[in-house]
Amino acid sequence: NAGVTQTPKFQVLKTGQSMTLQCAQDMNHNSMYWYRQDPGMGLRLIYYSASEGTTDKGEVPNGYNVSRLNKREFSLRLESAAPSQTSVYFCASRPTGPAGELFFGEGSRLTVL
Amino acid sequence: GENVEQHPSTLSVQEGDSAVIKCTYSDSASNYFPWYKQELGKRPQLIIDIRSNVGEKKDQRIAVTLNKTAKHFSLHITETQPEDSAVYFCAASDNQGGKLIFGQGTELSVKP
């Protein structure tokens, strides 16, 4: 049982390049999330998916797209990376219902030059 | 949408003292309030949570209180230890797997 797995762990991009962060969970959770973490800014929600087939914007969606490929996988795409997108990105998942603990992946550190 | 404010941003206490972190939220529909601890270089992990039908919950040295009328909730850590040093985040959500919004975080330092 690996929990939440995200790749890559580290990535350096040049301004304007594109990339996709991959995330998969093996806990049969319905809901999946992408957050970014910047110093002093906490964890800000980019997009989330409350169930397979649905996605919704979070607090800071501009510059990102997501795909809920199936129940296990939720990917985050940067179409044209900007230095402001330099951050640590966390994927997370949780079950629907009262036991709503959020489980995080290890994080992906992205640097845009 | 939901907005969660967390204070203070930094907190320094002596070992053995208590620490209190406070959060307010804006959406009266929120009914699930977790607290996460993040050690340096690690992922956040749940330490305690509370649902809106409960006013207080304790787990050994940590407790959380919730005032739904005032839309605020607090984390209390008693008898602090150096290993409590970390960043703590509050959050608010519905409990149906929807949007979960975090506060800005509190960096707690426990000095021996």
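See the structure above.
It should be emphasised that the depicted structure is a prediction, and the values quoted were computed from it without experimental measurement. (Residues numbered from 1 in each chain as written. Chains lettered and ligands numbered in written order. Predicted model: local features only at pLDDT ≥ 70, side-chain atom pairs only at ≥ 80, totals over all residues. Heavy atoms only, no water.)

Chemist: An account of the overall build of chain A is requested, with residue identities and associated values reported.
Modeler: Helices and strands together make up the secondary structure of chain A, namely zero helices and 11 strands. The secondary structure elements of chain A, listed N-terminal to C-terminal, are β-β-β-β-β-β-β-β-β-β-β. Its C-alpha atoms give chain A a radius of gyration of 13 Å, within 12% of the compact-globule value 13 Å for 113 residues. Projected onto its principal axes, the C-alpha positions of chain A cover 40 × 30 × 25 Å. Across the 113 residues of chain A, 47% fall into the buried class. With an accessible surface of roughly 5100 Å², chain A has 50% of that area assigned to carbon and sulfur atoms. (Helix = DSSP H or I, 4+ residues; strand = E, 2+ residues; numbered from the N terminus. Rg over C-alpha atoms; globule rule 2.2 N^0.38 Å. Buried < 20%, exposed > 50% of the residue type's maximum accessible area, 1.4 Å probe, protein only. Areas by Shrake-Rupley, 256 points an atom, 1.4 Å probe, with all protein chains shown as cover.)

Chemist: Give me the side chain of A:Ser75: which residues, what numbers.
Modeler: Topologically, A:Ser75 is positioned in strand S8 (residues 74–78). Of the residues examined, A:Ser75 reaches a relative accessible area of 8% and is grouped as buried.

Chemist: Tell me about the pairing of strand S5 (residues 42–49) of chain A, and name the residues and values.
Modeler: Residue and element names in this part refer to chain A. A large share of S5 lies buried, amounting to seven of its eight residues. Taken together, the seven bridges between strand S4 (residues 31–38) and S5 define a ladder with antiparallel strand orientation. Within S5, the position partnered with glutamine 37 by the bridge is leucine 43. Where S4 folds back on S5, the antiparallel hairpin that results is connected by three residues, among which glycine 40 adopts a positive phi of roughly 75 degrees. Two elements, S5 and strand S6 (residues 56–57), share two bridges in a ladder whose sense is antiparallel. In the sheet register, tyrosine 48 faces S6, and the bridge partner there is aspartate 56. Hairpin connection, S5 to S6: the antiparallel pair is bridged by six residues, and glycine 53 has positive phi, about 95 degrees. (Pairing = 2+ DSSP bridges.)

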